[in-house]
Amino acid sequence: ITFEGGEGAGKSTQTRLLAEALAERGIQVELTREPGGTAGAEAIRALLLDPPGDGWGVRAEALLFAAARADHLARRIVPALEAGKWVVCDRFLDSSRAYQGGAGGLADADLMELHRIGSGGILPDMTFLIEVSDDIASARLASRDEGRMDAIEGRDRTYHAKVGETFRRLAMEAPERFVRIDGSGSLSQTHGLVIAALDRFEELQR
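Residues numbered from 1 in each chain as written. Predicted model: local features only at pLDDT ≥ 70, side-chain atom pairs only at ≥ 80, totals over all residues. Heavy atoms only, no water.

A. Region of interest: the packing of aromatic side chains. Following the criterion strictly, the structure yields 3 aromatic pairs and no others. Centroid distance Y99 to Y159: 6.2 Å. Interplanar angle 55 degrees. Geometry classified as tilted. Highlighted residues: Y99 in helix 4 (residues 93-103) and Y159 in helix 7 (residues 157-173), separated in sequence by 60 residues. Exposure remark for Y159: the relative accessible area of 12% places this residue in the buried category. A centroid spacing of 6.3 Å and a plane angle of 75 degrees characterise the contact between Y99 and F167, whose relative ring orientation is edge-to-face. Pair noted here: Y99 is in helix 4 and F167 is in helix 7, with a separation of 68 residues, a long-range link. This pair shows no difference in class: Y99 is buried, exactly as F167 is. Each member of the aromatic cluster is reached from another via a ring pair, and the members are Y99, Y159 and F167. For R69, the ring lying beneath its charged end belongs to F92, and the centroid distance is 5.5 Å. (Phe/Tyr/Trp six-rings, centres within 6.5 Å; stacked < 30°, edge-to-face > 60°. Helix = DSSP H or I, 4+ residues; strand = E, 2+ residues; numbered from the N terminus. Buried < 20%, exposed > 50% of the residue type's maximum accessible area, 1.4 Å probe, protein only. Lys NZ or Arg CZ within 6 Å of the ring centre and 35° of its normal.)

B. Structural detail: unusual backbone geometry. In this model, E34 is joined to P35 through a cis peptide bond whose omega is -10 degrees. Among the secondary structure elements, P35 is positioned in the loop between strand 2 (29-33) and helix 2 (39-49). Here R91, not a glycine, exhibits a phi torsion of approximately 80 degrees, which is positive. Tracing the sequence through the fold places R91 in the loop between strand 3 (86-90) and helix 4.

This is the structure in structure tokens:
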């Protein structure tokens, strides 16, 4: 299960809340994030969010994300799945498709080919897209980490608008995988929507 969304949507919190709820149901859960989740991928995360010099071009950035994901899948996600655990991940491939693809200008087919080469083309069973208005996202970002933003959060509004547009398009193109969640309410309200959607999904799989 993956969580996606723009900056300030609250997906990281919802990822954690879902993992806790699943654990309370007696399900073994691996809670992780991208980029990151392994020592190598966390090292790449630091390079991406606090880049050296003038930063990365979009192609180099996409390659770094793909490399981090390949290590993350091989060393953490796949072993957890093979052990019978549920994996709940904060961001995954669709973030690359939205940020480096829709907003960065790279072709979706190229990003999918990178994913095929690096990670065998593995896709989530279910993806929650947490959506909020620009005003809510901005207010949350301003109150988080004293308003400090990393290299990706700090990009302009046009860039982030394209990210949001791409996420919505991806969700419409794959309704069997994506669930769009209104994240503008309280944490508990949004969590309730996630749990209800997960229960419906599980019922359909039976």
